[in-house]
Amino acid sequence: MGSEGKGERLPQAKLPEIKFTKLFINGHFVDAVSGKTFDTIDPRTGEAIAKIAEGDKEDIDLAVKAAREAFDKGPWPRMPGSQRGRLMMKFADLIDQNVDELGALEAVDAGKLLFLNKIVDIPFVSGSLRYYAGAADKIHGETLKLNNGLIGHTWREPMGVAGLIIPWNFPSLLLFSCLAPALAAGCTVVVKPAEQTPLTALYFAHLAKLADIPDGVINVVTGFGPTAGAALASHMDVDKISFIGSTEVGRLIMAAAGQSNLKSVTLELGGKSPLIVFDDADVDIAVDLAHKACFFNKGEVCVAGTRILLQEGIYDEFVKKCVAKARAVVVGDPFDPTVTQGPQVDEKQFEKVLSYIEHGKREGATLLTGGKACGDVGYYIEPTIFADVKDDMIIAKEEIFGPVMSLMKFKTIDEAIEKANKTQYGLASGIVTKDINVANTVARSVRAGSVWINCYLAFDPDCPYGGYKMSGFGRNLGLHALDNFLQVKSVVTPVHNSPWL
Ligand code: ADP
């Protein structure tokens, strides 16, 4: 079935049971102080799945107090790293044992494909936990031989209470790209999941308790960005904010940190990543990579390769095959294993993506395929490809966060590099070529935090990623991410015969 056939794929599969809907503070599921709740929505239908506790400032205060107590007086930062690592391993095992339920919650809350949640997202979560569990007892400082009869050493100590503000596109995977290094470092955390996708974070909190992670180490406050999120970002007793989300909200987070206690901030923000395909590339491989780069997870990917830069010689064949591949996408219920693209996360994103498509049409780009909503129930959009896209068009400049690809032509390697860098963002990039010299030249010249050569979205817990320019700063994943949650203390002492003695 092609991308037009979504309607026949409904009615949807049965909803998974929703067991956890309250805030998780100090090891207990509790109602919001206000007693308020909000609906989390099934993007397949636009209908409510469950009522979730709506945390606000008072709830953030309680969660931060619990995290503070657990950090200042509790066992977590004080226990040997190996013991933290063992508990994190146990947590990872429990996550693997619950992969079916977690995968289903992610599918119904975020519209993400069930089968991929089970083989990609949730295993990546447990894999990240194990990766950082292995690092928890290898957090070393330096020894320093100083002038004037002094010696010193450094300790890398946990920052303290970390606020993790998480988006909705990879609610589990991105949560653990922050949570796993924070735990390994010995921090305690308050998690604010996105309001669109609160279900898996609450389930993880339940599993953390079963794994014997002490009360107060992980707290989850569900609620909205401008209320709960803003209260966390400006809290005087939070030492660190790790934020993943839009550039616009990233600015607010930095401002809140600046206007409160100057807490440390790490930001992973938007992108408009180029994928550069050279004439010598295998066209089928290039089409597969571009398709994955742009349409994976219905385009709701911060590192999505949305600007496909094609050298003139490969252009025509690439376009023909790329359009055919997009037309073969099966849009529909993410619980159906034959479906390859689920619904956009909510009505707001659905409308936003459609309005970008209208901009593309109005600005004179050539619509090759897609270009409209799919079916009349839920938030489904056809995979869309525009050709003849110019650098200054809105669809070439702004992050769309939906299944919309822009094709652009170039002649020379210098022109490709110039076009690739013609963006305010710098999160990721891709290069498809058989020529190692071309690949290396472009890799060195592209101003982006990740460069994928002959692959794309090639993530690994050991590989750091993050932004240049307005895509943010600091790195998630890899050992670098531990630094987001550690600070350096220098300890200095005179030695025998020192002028200080
Ligand atoms: P998107 O625009 O893609 O929905 P956002 O950047 O708005 O992404 O959201 C990412 C996360 O930031 C979510 O958890 C959201 O609730 C939170 N958030 C939104 N606004 C604010 C804010 N003013 N302060 C703190 N967090 C916020």
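Residues numbered from 1 in each chain as written. Predicted model: local features only at pLDDT ≥ 70, side-chain atom pairs only at ≥ 80, totals over all residues. Heavy atoms only, no water.

## Observations concerning the overall build of the protein
A tally of regular secondary structure across the protein gives 15 helices and 22 strands. Its C-alpha atoms give the protein a radius of gyration of 24 Å, near enough to 23 Å, the size a compact globule of 501 residues would have. With respect to the principal axes defined by its C-alpha atoms, the protein has extents near 75 × 55 × 40 Å. Across the 501 residues of the protein, 58% fall into the buried class. Contacts spanning at least 24 positions in sequence make up 75% of the contacts within the protein whose residues lie at least 6 apart. When the accessible surface of the protein is split by element, carbon and sulfur atoms take 54% of a total near 19800 Å². (Helix = DSSP H or I, 4+ residues; strand = E, 2+ residues; numbered from the N terminus. Rg over C-alpha atoms; globule rule 2.2 N^0.38 Å. Buried < 20%, exposed > 50% of the residue type's maximum accessible area, 1.4 Å probe, protein only. Contact = heavy atoms within 4.5 Å. Areas by Shrake-Rupley, 256 points an atom, 1.4 Å probe, with all protein chains shown as cover.)

## What about the site of the ligand?
Around the ligand lies a shell of 18 residues, among which Ile166, Trp168, Lys192, Glu195 and Ser246 are the nearest. Trp168 places a side-chain nitrogen or oxygen 2.9 Å from an oxygen atom of the ligand. Measuring from an oxygen atom of the ligand, one finds a backbone N or O atom of Gly225 at 3.3 Å. At the level of secondary structure, the elements contributing two or more residues to the shell around the ligand comprise α7 (225–233), β10 (240–244) and α8 (247–259). Here the shell around the ligand is composed, by residue class, of 12 nonpolar, four polar and two charged. (Near = heavy atom within 4 Å. Polar contact = N/O pair within 3.5 Å; in protein donor to acceptor, adjacent residues only side chain to side chain. Nonpolar A, V, L, I, M, F, W, Y, C, P; charged D, E, K, R; others polar.)

## Side note on the sheet that holds strand β13 (residues 305–311)
The seven strands are arranged β14-β15-β16-β13-β12-β18-β19 in an open sheet whose pairing can be described as mixed. Since the sheet does not close on itself, it has two edges, and those belong to β14 (366–369) and β19 (450–453), each with one partner. Going from strand to strand, the sheet's axes swing by 25 degrees on average, the running direction of each strand aside. Where β14 meets strand β15 (residues 384–387), three bridges bridge the pair, whose relative direction is antiparallel. Within the sheet, the bridge partner assigned to Leu367 lies in β15 and is Phe386. Running at roughly 145 degrees to β13, helix α10 (residues 312–327) makes contact with β12 (273–277), β13, β14, β15 and β16 (404–410) of the sheet. Docked against the sheet, helix α11 (residues 347–362) engages β14, β15 and β16, running at close to 25 degrees with respect to β15. (Pairing = 2+ DSSP bridges. Axes fitted to C-alpha atoms, helices over the stretch in contact; angles between N-to-C directions.)

## Points about the pattern of salt bridges
For the coordinates displayed, the defined rule picks out 29 salt bridges. Across the pair Asp100 and Lys118 runs a salt bridge, and its minimum N-O distance is 3.3 Å. Here Lys118 lies in helix α4 (residues 114–135) and Asp100 lies in helix α3 (residues 99–110), a separation of 18 residues in the sequence. Taking the relative accessible area as the measure of exposure, Asp100 reaches 49% and is therefore partly exposed. The exposure class of Lys118 is partly exposed, given its relative accessible area of 32%. Here the residues in one salt-bridge network are Arg68, Asp72, Asp237 and Asp239, joined through shared partners. (Salt bridge = Lys/Arg side-chain N within 4 Å of Asp/Glu carboxyl O.)

## Here we look at the packing of aromatic side chains
Applying the stated criterion across every chain, the model contains 14 aromatic pairs. Plain terms: the ring middles of Phe278 and Phe410 are 5.3 Å apart, the flat faces sit at 75 degrees to each other, and that makes the pair edge-to-face. Highlighted residues: Phe278 in the loop between β12 and α9 (283–295) and Phe410 in strand β16, separated in sequence by 132 residues. One aromatic cluster is present, built from ring pairs that chain together Phe20, Phe24, Phe29 and Tyr203. (Phe/Tyr/Trp six-rings, centres within 6.5 Å; stacked < 30°, edge-to-face > 60°.)

## Remarks on the domain arrangement of the protein
Partitioning the protein into domains gives domain 1 (42–269 + 474–487) and domain 2 (273–329 + 383–460). Averaged C-alpha coordinates put domain 1 and domain 2 at centres separated by 31 Å. Each partner contributes residues to the interface: domain 1 has 13 residues there, and domain 2 has 12 residues. Buried area between domain 1 and domain 2, both sides added, is near 1000 Å², and the carbon and sulfur share of it is 64%. The largest contributions to the domain 1 side of the interface with domain 2 come from Trp168, Asn169 and Phe170, which together make up 34% of the buried area. Along the contact surface separating domain 1 from domain 2 lie zero salt bridges. (Domains from an automatic or database assignment. Buried area = accessible area lost by both parts, 1.4 Å probe.)

## Considerations on the packing of helix α2 (residues 81–97) against helix α5 (residues 173–185)
Where α2 meets α5, the axes come as close as 9 Å, and the angle between the chain directions of the two elements is 150 degrees. Classed by the angle they form, the pair α2 and α5 counts as roughly antiparallel. On the side of α2, the interface is formed by Arg84, Met88, Phe91 and Ile95, while α5 contributes Phe176, Ala180, Leu183, Ala184 and Ala185. Partitioning the contact of α2 with α5 into residue classes produces eight nonpolar, no polar and one charged. (Parallel < 35°, antiparallel > 145°, perpendicular 65-115°, else oblique.)

## A few points about helix α14 (residues 436–445)
Buried within α14 are the following residues: Val438, Ala439 and Val442. What you see down the axis of α14 is that its buried residues fit within an arc of 100 degrees, all on one side. Turned more than 90 degrees from where α14 packs its buried face, Ile436, Asn437 and Arg444 sit exposed. For α14, the elements touching its buried residues are β12, α13 (413–420), β18 (428–432) and β19. (Arc of directions from axis to C-beta.)

## Digging into the state of the cysteines
The tally for this structure, following the rule as stated, stands at zero disulfides. With no disulfide partner, Cys294 has as its closest neighbouring cysteine sulfur the one in Cys322, 8.2 Å distant. Cys463 carries a free sulfur, and the closest cysteine sulfur to it, the one in Cys455, is 9.2 Å from it. Taking the relative accessible area as the measure of exposure, Cys463 reaches 36% and is therefore partly exposed. (Disulfide = S-S within 2.5 Å.)

## Some points on the sheet that holds strand β6 (residues 150–158)
Pairing in this open sheet of three strands is antiparallel, and the strands run β5-β6-β22 from one edge to the other. The open sheet is flanked by β5 (143–145) and β22 (486–494), the only strands paired with a single partner. Averaged over all pairs of adjacent strands, the angle between strand axes in this sheet comes to 25 degrees, irrespective of strand direction. One ladder, built from three bridges, connects β5 with β6; its direction is antiparallel.

## Details of the nonpolar core
Counting residues in hydrophobic clusters, the biggest one holds 107 residues, and the most contacted among them are Phe91, Ile95, Leu164, Ile218, Val277 and Phe318. With 11 residues, the top contributor of residues to this core is α5. When residues no more than four places from it in sequence are discounted, the contact partners of Phe318 are Val277, Val283, Ala286, Val287, Ala290, Ile308, Leu310 and Leu407. The next biggest cluster of nonpolar side chains, apart from the first, holds 28 residues, and it includes Ala396, Met408, Ala420 and Val438. (Core = buried A, V, L, I, M, F, W, Y, C linked by side-chain atoms within 4.5 Å.)

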